[in-house]
Amino acid sequence: MLLENAPLGEMSDTIRFLAVDMVQKANSGHPGMPMGLADIASVFSFHFKHNPKNPKWLNRDRVVFSGGHGSALIYSLLHLWGYSTSLDDLKNFRRLDSKTPGHPERAHTEGIEVTTGPLGQGFANAVGFAFAQKRAEALLGKEIIDHKTWCFCGDGDIMEGVSYEAASFAGFNKLDNLIVIYDSNDITIDGKLGICFNENVEARFESQGWHTIAINGHDFAQINAAFESAKTQSKPTIIIAKTTIAKGAANVEGSCKTHGAPLGESEIADSKAKAGRSAESFYIPQTALTWFRTALEKGEMYEREWNDRVRKSDKKPLLERLLNPDFDSIQYPDFDGSPKATRDTNGAIINAIARALTGFIGGSADLAGSNKTELKDLGVAPLGANIRFGIREHAMSAITNAIALYGLFIPFDSTFFVFSDYQKPAIRTAALMSAKRFFIWTHDSIGVGEDGATHQPVEHLSAYRALPNFYVFRPADGFENIAAWKIALKLDAPSAFVLSRQNLPALDQSQAKGDVTKGGYLLRASKKAQITLIASGSEVELALAAADKLERLGARANVVSVPCFDLFAEQDDEYIETIIDPNTIAIAIEAASANEWFRFAEAVVGMETFGASATATELFERFGFNADRIAQLAKNMLD
């Protein structure tokens, strides 16, 4: 690195005061962290391998700013390096429809790898990128994949539990391609860090299998030496950089007040004068800009050399298959018509997908045998396709999000449906980012049985159906399960599969009308139907049984299966009315809270309490999920 000639002080001040001006103009934001990290960021610019002209170049270094509140730092760097973020974009920071929202959002701003803001998740995302790189390297070799993953984090990230989980996973898997820069400024929003946190972070990470380096985060030589050392280690590295929040502020340097509020015009003027800077807002010295913009020439050179290596590599065909997966090559299983739990049909399906698509990988939170997610004979990642996440649900899903965004893989993760509560922050960011990845959730209802209310999801289906840009599939049998995967693989959004523990009968599709790919279809039609029974998953067989009871009572009922409420709700009124006859009384049946079904139904048979500990048969009977009750309810409404 030719740092001895670089005007690092001027470069750092350029970052520092661009961020300050952005926050001041927006009258909103977080100036303290960008000011404190500016010295590290200027040195980082000479170590970061990327191409601003092609932000999607596969072999680029990945960088995650886990403290997304410091977005003024990120956007300043993107502009200075030569990405498409313009000076006007910086001036429109936090404005409606700008390219510079308050927290960085993937696919909204070029150069942003992952959406961050909820603290700790970015740390886990960085672990995911590093793990994906190791899997890619195992498949393609170091001549094609040889980059690093960098992560900037702060005290809040370190305190959030997800960072414990992710760091443990990274250390266990010896992710030597991961370098974390910990901005240790000893400040929280409420005051000094010591009011709530006094861990020995260095010892903590060493115990998890990390290499640790402690530095002065404002000493350019120490920063550079730490980066050089980190790149040669055989384990993940955390650089614990002692910094001062709002470094360079004339009067409030080191104050917690600088965390989340503009400095004010007077303080900014005093700070610029103290640094010998122009008082002009958004001022960028040409000398500093020239040094930052060396990233353009170097980036094009990096990618050009990489393209030459790819052309000569015998791995190029595999790379093309990973970049362009052929979903038509999947040979889905034929199910024999015998009763099967949908967790079992799903297990057969994902194995078929994994045999066809090398990029299909995933794992479970220590529940592979129960979730039926083991990919048979495909080894353990990163050398194989099965990821051993351990009991780390939150980190698991944040890691999987990043694997999905890496560019080569189609990943899944899995646990019991009730434990999706631990995954919720990562589920939401997956939807925000339109990450093409899959959540596999088994033990889907009170059908879990004897494990009791703690393990029986009730409110979960409704919660995830309420989440925008997220598709929840609850198939009733193997046919619907296959159809669900065919749909989900084509969606540019995350999907979830909610699956039964208990065996379910194969549905008779001989009378089916409509299109299962639209989320719901007419499974059984009756002439002159007076009632429509709507259900998903295990309750579809119950709806069929209730329809038979109604016929014996002199009433006729259609039965509608809705394996994906979200897709069905997206259809136009014309299609919905061909499936749910508006001249019939519609009743929805689902062993969940199910209030969303009032969108289509006049009555809902659902759960109004938590479950209990008993056999599945006893529980369905106790909570009113039996054909006699539903038939009588329908008959009463008809009368």
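Details of the structure are given in the entry above.
Let me sum up the structure you'll find in this document. (Residues numbered from 1 in each chain as written. Predicted model: local features only at pLDDT ≥ 70, side-chain atom pairs only at ≥ 80, totals over all residues. Heavy atoms only, no water.)

**A closer look at helix H14 (residues 342–356)**
Okay, step 1: The terminal C-alpha atoms of H14, which comprises 15 residues, lie 21 Å apart, in line with the 21 Å expected from a rise of 1.5 Å per residue.
Okay, step 2: Here H14 lies mainly inside the structure; eleven of its 15 residues are buried.
Okay, step 3: Where H14 is concerned, the buried positions are Thr342, Arg343, Thr345, Asn346, Gly347, Ile349, Ile350, Asn351, Ala352, Ile353 and Ala354.
Okay, step 4: Buried residues along H14 sit against strand S8 (360–364), helix H15 (368–371), strand S10 (410–416), strand S11 (438–442), helix H19 (478–488) and strand S13 (495–499). (Helix = DSSP H or I, 4+ residues; strand = E, 2+ residues; numbered from the N terminus. Expected span 1.5 Å × (residues − 1). Buried < 20%, exposed > 50% of the residue type's maximum accessible area, 1.4 Å probe, protein only. Contact = heavy atoms within 4.5 Å.)

**A look at the sheet that holds S11**
Okay, step 1: Spatially, the six strands line up as an open sheet ordered S9-S8-S10-S11-S13-S12, and their pairing is parallel. Of all strands in the sheet, those with a lone pairing partner are strand S9 (386–388) and strand S12 (471–473), marking the two edges. In this sheet, adjacent strand axes meet at a mean angle of 20 degrees when their direction is disregarded.
Okay, step 2: Pairing between S8 and S10: five bridges, direction parallel. Residue glycine 362 lies in a different strand from S10, and its bridge partner there is phenylalanine 412. (Pairing = 2+ DSSP bridges. Axes fitted to C-alpha atoms, helices over the stretch in contact; angles between N-to-C directions.)

**Some points on the sheet that holds strand S15 (residues 520–524)**
Okay, step 1: Spatially, S14-S15-S17-S16-S18-S19 is the arrangement adopted by the six strands of the open sheet, whose pairing is mixed. One side of each edge strand has no neighbouring strand; the edge strands of this open sheet are strand S14 (513–515) and strand S19 (603–605). When strand polarity is set aside, the average angle formed by the axes of neighbouring strands in this sheet is 25 degrees.
Okay, step 2: Packing of helix H20 (residues 539–552) onto the sheet brings it into contact with S15, strand S16 (531–535), strand S17 (557–561) and strand S18 (585–589), and relative to S16 it is tilted by some 160 degrees.

**A closer look at the pairing of S15**
Okay, step 1: Taken across its five residues, S15 has four buried, putting it largely inside the fold.
Okay, step 2: In terms of strand pairing, S14 meets S15 through three bridges, oriented antiparallel. The residue bridging aspartate 515 from the neighbouring strand is glycine 520, located in S15.
Okay, step 3: For S15 and S17, the ladder comprises three bridges, and the chain directions are antiparallel. Across the sheet, the residue bridging to tyrosine 521 is serine 561, located in S17.

**Quick look at the side chain of serine 536**
Okay, step 1: With respect to the helices, strands and loops of the structure, serine 536 is situated in the loop between S16 and H20.
Okay, step 2: With relative accessibility at 0%, the residue serine 536 sits in the buried group.
Okay, step 3: At 2.5 Å, the side chain of serine 536 and the side chain of glutamate 590 are in polar contact.
Okay, step 4: Discounting chain neighbours no more than four positions away, the residues touching serine 536 are Arg465, Arg474, Val562, Ile589 and Glu590. (Polar contact = N/O pair within 3.5 Å; in protein donor to acceptor, adjacent residues only side chain to side chain.)

**Comments concerning a negative patch on the surface**
Okay, step 1: On the surface, Asp572, Asp573, Glu574 and Glu577 cluster together into a patch of negative charge.
Okay, step 2: Note that aspartate 573 resides in helix H22 (residues 573–579). (Patch = residues over 30% accessible without salt bridge, like charges linked within 9 Å, V, L, I, M, F, W, Y side chains within 5 Å. Areas by Shrake-Rupley, 256 points an atom, 1.4 Å probe, with all protein chains shown as cover. Salt bridge = Lys/Arg side-chain N within 4 Å of Asp/Glu carboxyl O. Lys, Arg positive; Asp, Glu negative; His and termini not counted. Charge placed at Lys NZ, Arg CZ, Asp CG, Glu CD.)

**Some details on the nonpolar core**
Okay, step 1: In terms of nonpolar packing, the biggest core is built from 103 residues, with Phe360, Phe470, Phe473 and Trp485 touching the most fellow members.
Okay, step 2: If one sorts the elements of this core by residue count, helix H5 (residues 121–140) sits on top with eleven residues.
Okay, step 3: Listed in part, the 55 residues of the second largest apolar core include Ile587, Ala616, Leu619 and Phe625. (Core = buried A, V, L, I, M, F, W, Y, C linked by side-chain atoms within 4.5 Å.)

**Thoughts on unusual backbone geometry**
Okay, step 1: Here the bond from alanine 381 into proline 382 is cis, since omega is 10 degrees, no more than 30 degrees from zero.
Okay, step 2: Assignment of secondary structure puts proline 382 in the loop between H15 and S9.
Okay, step 3: The phi torsion at alanine 107 lies on the positive side, around 75 degrees, for a residue other than glycine.
Okay, step 4: Relative accessible area serves as the criterion here: at 70%, alanine 107 is assigned to the exposed category.
Okay, step 5: A positive phi angle is found at phenylalanine 282, which is not glycine, with a value near 60 degrees.
Okay, step 6: Structurally, phenylalanine 282 is set in the loop between helix H10 (265–275) and helix H11 (286–292).
Okay, step 7: Residue classification places phenylalanine 282 among the buried positions, given a relative accessible area of 7%.

**Overview of the state of the cysteines**
As used here, a disulfide is simply a covalent bond connecting the sulfur atoms of two cysteines.
Okay, step 1: Within the structure shown, the criterion is met by zero disulfides.
Okay, step 2: Of all cysteine sulfurs in the structure, the one in cysteine 153 sits closest to cysteine 151, which takes part in no disulfide; the separation is 5.2 Å.
Okay, step 3: Cysteine 151 sits in the buried class, given a relative accessible area of 0%. (Disulfide = S-S within 2.5 Å.)

**Digging into the layout of surface pockets**
Okay, step 1: Considered as a void within the structure, the largest pocket measures approximately 840 Å³ in volume.
Okay, step 2: Taken together, 26 residues make up the lining of the largest pocket; nearest its centre are Lys56, Arg106, Ala404, Leu405 and Gly407.
Okay, step 3: Those elements that place two or more of their residues in the lining of the largest pocket are helix H13 (316–323) and helix H16 (393–406).
Okay, step 4: Sort the elements by how many residues they give to the lining of the largest pocket and H16 lands first, with three residues.
Okay, step 5: Within the lining of the largest pocket, the residues separate by chemical class into 15 nonpolar, four polar and seven charged.
Okay, step 6: In this structure, the second largest pocket spans a volume of roughly 370 Å³.
Okay, step 7: If you go around the second largest pocket, you meet 21 residues; those closest to its centre are His69, Leu119, Gly156, Ile187 and His259.
Okay, step 8: Sorting the residues of the lining of the second largest pocket by element identifies helix H2 (32–44), strand S2 (149–154), helix H6 (155–159) and strand S4 (187–188) as the ones contributing at least two each.
Okay, step 9: For the lining of the second largest pocket, the element with the highest residue contribution is H6, accounting for four residues.
Okay, step 10: Within the lining of the second largest pocket, the residues separate by chemical class into ten nonpolar, eight polar and three charged. (1 Å grid on protein atoms, 1.4 Å probe; cavity = no way out; pocket = protein on both sides within 12 Å on 5 of 7 lines; lining within 4 Å. Points joined across faces, edges and corners; volume = space filled by probe spheres on them. Nonpolar A, V, L, I, M, F, W, Y, C, P; charged D, E, K, R; others polar.)

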